[in-house]
Amino acid sequence: MDVHTTNFTFCCYTADSDRGFAVAQTEPDYRQVIKYMERVQKQRGEECKFVCGYEAGCLGYSLYHQLTRCGVDCVILAPSTMHQEKGKRIKTDRRDAENIARCLAFSLYSPVYVPTTEDDAVKEYIRMRDDIKADLKRVKQQIIAFTTRHGFAFDGKSYWTQKHLKWLETLVFEHPLYKETLQEYLILYYMLDEKVAVYDTESRKCPIWSTMKKMCRSSAASAVLPLIPHYLCWLR
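Residues numbered from 1 in each chain as written. Predicted model: local features only at pLDDT ≥ 70, side-chain atom pairs only at ≥ 80, totals over all residues. Heavy atoms only, no water.

Engineer: Got a sec to walk through unusual backbone geometry? Specific residues and values, please.
Structural biologist: Unusually for a residue other than glycine, Ser 107 sits at a positive phi of about 55°. Counting through the fold element by element, Ser 107 comes out in the loop between α3 (93-105) and α4 (117-149). For Ser 107, a relative accessible area of 34% corresponds to the partly exposed category. The backbone phi angle of Trp 160 is positive, close to 65°, even though this residue is not glycine. Summarising the element assignment, Trp 160 is placed in the loop between α4 and α5 (162-169). (Helix = DSSP H or I, 4+ residues; strand = E, 2+ residues; numbered from the N terminus. Buried < 20%, exposed > 50% of the residue type's maximum accessible area, 1.4 Å probe, protein only.)

Here you go:
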């Protein structure tokens, strides 16, 4: 399947031949995939086993989940691993659909790993933890900027050590509101710092923590996902 937000283009291949057939284009709806398979099976007049596939792209995992919930065998193909025929440089929806179907039929691709519910839950937890850590970093910067504006400079080697925190607590200001401002900053700092420590402890209890942490922080995580050595075809 060549899938876009505007349309789906279908093509079938069988493992015992090297030709595409039953090319069709429909509106972008997973129910159209099911109707298409029913129509092809009726035309062939025999029991068929379908395996659907589409390139990783704009639809993400949404179509995969919609189809698998309906009992359809579906895979997402990693574009960089797909076989491309030489000489065919002009891309069309039909040609793309035919190539995807052929890659499925002859195992000329590697599929994208689709995260499980647990994978996604851990990823979201890590993102939440990183959001809180970003808040903590911002508060640290605000505290340093506040004390600098009022003429205070810490002479120690490192910030946010016990020595530095004690130094902050002992600062004396001209106006009590300045002191209160710093105290509010410090309350926020201690709260966020404790939260990050708790989140780290909880996260490490999950077996997939290390893997998901690397995936979540990778600049290419949304586009380049782990591949698994498993091969399927479109119609068997």
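Engineer: Can you tell me about α5, naming the residues and giving the values?
Structural biologist: Considered for burial, the residues of α5 that qualify are His 164, Leu 165, Trp 167 and Leu 168. Looking straight down α5, one finds that the buried residues subtend no more than 155° of arc, so they occupy a single side. Pointing more than 90 degrees away from the buried face of α5 are the exposed residues Gln 162, Lys 163 and Lys 166. Against α4 and α6 (176-203) lie the buried residues of α5. (Arc of directions from axis to C-beta. Contact = heavy atoms within 4.5 Å.)

Engineer: Explain the environment of Thr 201 to me, and be specific about the residues and the numbers.
Structural biologist: Relative to the helices and strands, Thr 201 is located in helix α6. Classification of Thr 201 as partly exposed rests on a relative accessible area of 46%. Here Ala 197 takes part through its backbone oxygen, which lies 3.0 Å from a polar atom of the side chain of Thr 201. (Polar contact = N/O pair within 3.5 Å; in protein donor to acceptor, adjacent residues only side chain to side chain.)

Engineer: Help me get a handle on the pattern of salt bridges, residues and values and all.
Structural biologist: Scanning all chains against the criterion turns up 10 salt bridges. Salt-bridge contacts for Asp 96 lead to Lys 91; the nearest nitrogen and oxygen are separated by 3.0 Å. Judged by its relative accessible area of 13%, Asp 96 is buried. Of the residues examined, Lys 91 reaches a relative accessible area of 61% and is grouped as exposed. (Salt bridge = Lys/Arg side-chain N within 4 Å of Asp/Glu carboxyl O.)

Engineer: Any chance you could break down the packing of α4 against α6 for me, citing the residues and the numbers?
Structural biologist: Packed helices, taken two at a time, are described by their axes: the angle between them and the distance between them. As a packed pair, α4 and α6 sit with axes 9 Å apart at the nearest point and diverge in direction by 155°. Between α4 and α6, the crossing angle belongs to the class labelled roughly antiparallel. For the element pair α4 and α6, the recorded crossing hand is left-handed. The residue inventory of the contact of α4 with α6, partitioned by class, reads 16 nonpolar, four polar and eight charged. (Axes fitted to C-alpha atoms, helices over the stretch in contact; angles between N-to-C directions. Parallel < 35°, antiparallel > 145°, perpendicular 65-115°, else oblique. Left-handed = near helix turned anticlockwise from the far one by under 90°. Nonpolar A, V, L, I, M, F, W, Y, C, P; charged D, E, K, R; others polar.)

Engineer: Describe the packing of aromatic side chains, and please don't skip the residues or the numbers.
Structural biologist: Throughout the structure, instances matching the rule amount to 12 aromatic pairs. Taking 6.2 Å as the distance between ring centres and 80° as the angle between the ring planes, the aromatic pair formed by Tyr 13 and Phe 106 counts as edge-to-face. Note that Tyr 13 is positioned in the loop between β2 (8-12) and β3 (21-26) and Phe 106 in the loop between α3 and α4, a separation of 93 residues in sequence. Residue Tyr 13 is classed as buried on the basis of its relative accessible area of 7%. Look at Phe 106 and you get partly exposed, because its relative accessible area is 29%. Taken together, a centroid distance of 5.1 Å and an interplanar angle of 70° make the contact between Phe 152 and Phe 173 edge-to-face. Of the two residues, Phe 152 sits in the loop between α4 and α5 while Phe 173 sits in the loop between α5 and α6, which places them 21 residues apart along the sequence. (Phe/Tyr/Trp six-rings, centres within 6.5 Å; stacked < 30°, edge-to-face > 60°.)

Engineer: Which residues make up the pairing of strand β5 (residues 74-77), and what are the values?
Structural biologist: Alternating positions in β5 separate into two faces, Cys 74 and Ile 76 on one and Val 75 and Leu 77 on the other, with burial throughout. Two elements, strand β4 (residues 52-55) and β5, share four bridges in a ladder whose sense is parallel. When the sheet's bridge partners are listed, Tyr 54 is paired in β5 with Ile 76. The β-α-β motif built from β4, the intervening helix α2 (residues 62-69) and the parallel element β5 has right-handed crossover chirality. (Pairing = 2+ DSSP bridges. Right-handed = clockwise from strand over helix to strand, strands pointing away.)

Engineer: Give a description of the nonpolar core that names residues and reports values.
Structural biologist: Note that soluble globular proteins tend to have their nonpolar side chains buried in a common cluster. Counting 25 residues, the largest nonpolar core has Met 1, Val 33, Cys 52, Tyr 54, Leu 63 and Leu 67 as its most contacted members. Elements with a contribution of two residues or more to this core: β2, β3, α1 (30-44), β4, α2 and β5. Residues Leu 165, Trp 167, Leu 168 and Val 196 belong to the second largest nonpolar core, which totals 18 residues. (Core = buried A, V, L, I, M, F, W, Y, C linked by side-chain atoms within 4.5 Å.)

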